[in-house]
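Remarks on the overall topology
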Amino acid sequence: MTERRTRFALAGIVFAVLFAQVLLYPGIDALVAALGADAALSGSMWFLAAEFAAFVAFAGVWGAASDAVGRRAPLIAAGAVGGAAGYAILAAIPRLGGAGFLAILGLRVLQGASTIGAFSLAMTMLLDLEGGQGKNMGAAGIAIGSGTALGAPLGGQLYEIGPLVPLIAAAGLLAAVAVAALLVEDRAPGSREGVGAILSSVTDRPALVVPYAFGFIDRFTAGFFALVGTLYFRTAFGLSAGATGLMLALFFAPFALFQYPFGTLSDRIGRTVPVVLGSVCYGLVVIAVGLAPTVELAGAAMVAVGVVGALMAPATMALVGDLAPPDRRGVAMAGFNVFGSVGFLAGILGGGAVADAYGFTAAFGVAGATELLVALVTLPVFLRLRLPRPAAE
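Residues numbered from 1 in each chain as written. Predicted model: local features only at pLDDT ≥ 70, side-chain atom pairs only at ≥ 80, totals over all residues. Heavy atoms only, no water.

Here we take up the packing of aromatic side chains. Counted according to the given criterion, the structure contains 16 aromatic pairs. Look at F15 and F19: their rings are 5.3 Å apart centre to centre, the planes differ by 25 degrees, and that puts the pair in the stacked class. With F15 and F19 both in helix α1 (residues 3–22), this residue pair falls four residues apart, about one helical turn. Overall, F19 belongs to the buried group, its relative accessible area being 11%. Residues F258 and F262 carry aromatic rings whose centres are separated by 5.8 Å and whose planes lie at 25 degrees to one another, so their mutual orientation is stacked. F258 gets classed as partly exposed once you look at its relative accessible area, which sits at 36%. (Phe/Tyr/Trp six-rings, centres within 6.5 Å; stacked < 30°, edge-to-face > 60°. Helix = DSSP H or I, 4+ residues; strand = E, 2+ residues; numbered from the N terminus. Buried < 20%, exposed > 50% of the residue type's maximum accessible area, 1.4 Å probe, protein only.)

See below:
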């Protein structure tokens, strides 16, 4: 399989895993009710939190295991099979007489623990490819942006058929991922060290805190827009659910489309400008969304958020590959995804708390200012990093 076809296949795996995950979001209250939750709000919160907790707990284990054995594709397939089984069992439980919601959450943890293996290791396999880390992470970025953008609206349509249908669709997608993973050439460098030694080795590379910090805050703003942004557009401008979806698409479309060219650009000019300057601009345009007096200006600001986000996202992920040795990329990328998962959850909870206490304008101000603060604090460290020289034209 050629480099280009391998890159396309791996991006497709990343897309499918994330697409399956997001399918569940639009009608999450109806889903947890069908699974036996007593309260829609708390049930939805715990159902989502259980998966993210599993992501945080198990991403490093999958990454370290792949580094130790020098194989990633079979582990992606195993994670996808486990994720598919988890989705399928959750869908079958109501038909089998139901189960306590605590047991449902336990299954959700197992499903999440499996799914993160497929997602994180597919991204790591992209780092293993030649051709430029920015280009490879740009492909991952397109997959992430497209999966998020398409999963929610199509998931909403599936909920119109029935509350368990998105679970069945997600199971089918993960089963397809398992087959696709076994067809991809595995280029992981092996290591003779054990899983524990590999996990601990990340602490020996404190420079990784730079991309981890940017990954955290970037996913923080994504979680922020998922909750606070949606409520803001509906409240401040009186938009319908459909119009709100279109407003969010003004962000997701450029965010997905520009990641590959911007990732390739970072291979040519280096990571500093896309990551640091991009983060500063990103913080400013996030604040601008909250200050926009009209829906048209808010929409224009959302486009700017998407474009600037596409500039910095692939460069940030590529920075992980620049700083981690080849036989540590699995656990290094796992760490990036752990920080990202925590950031996404913090964006939902923190953004919601600030908006509830102080209003939407304050919430957008805090989100944008946090992005700016991270960029300014990490700049001195960033400038001291020993990074690969930009590729020649």
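Additional details are given in the paragraphs that follow.
This brings us to a nonpolar patch on the surface. There is a patch of nonpolar side chains on the surface, built from L265, I269, V273 and L277 and spanning about 320 Å² of accessible area. Those elements that place two or more of their residues in the nonpolar patch are α11 (259–269) and α12 (272–291). Following the sequence through the fold, L265 ends up in helix α11. The partly exposed category is assigned to L265, whose relative accessible area is 32%. (Patch = residues over 30% accessible without salt bridge, like charges linked within 9 Å, V, L, I, M, F, W, Y side chains within 5 Å. Areas by Shrake-Rupley, 256 points an atom, 1.4 Å probe, with all protein chains shown as cover. Salt bridge = Lys/Arg side-chain N within 4 Å of Asp/Glu carboxyl O.)

Attention now goes to the packing of α1 against helix α5 (residues 101–128). The geometry of α1 relative to α5 is characterised by a closest axis approach of 9 Å and an angle of 155 degrees between their N-to-C directions. Relative to α5, the element α1 lies roughly antiparallel. Crossing of α1 over α5 shows left-handed handedness. The residues of α5 that touch α1, namely those facing R7, L10, A11, I13, V14, V17 and L18, are T115, A118, F119, A122, M123, M125 and L126. Grouping the amino acids of the contact of α1 with α5 by side-chain chemistry returns twelve nonpolar, one polar and one charged. (Axes fitted to C-alpha atoms, helices over the stretch in contact; angles between N-to-C directions. Parallel < 35°, antiparallel > 145°, perpendicular 65-115°, else oblique. Left-handed = near helix turned anticlockwise from the far one by under 90°. Contact = heavy atoms within 4.5 Å. Nonpolar A, V, L, I, M, F, W, Y, C, P; charged D, E, K, R; others polar.)

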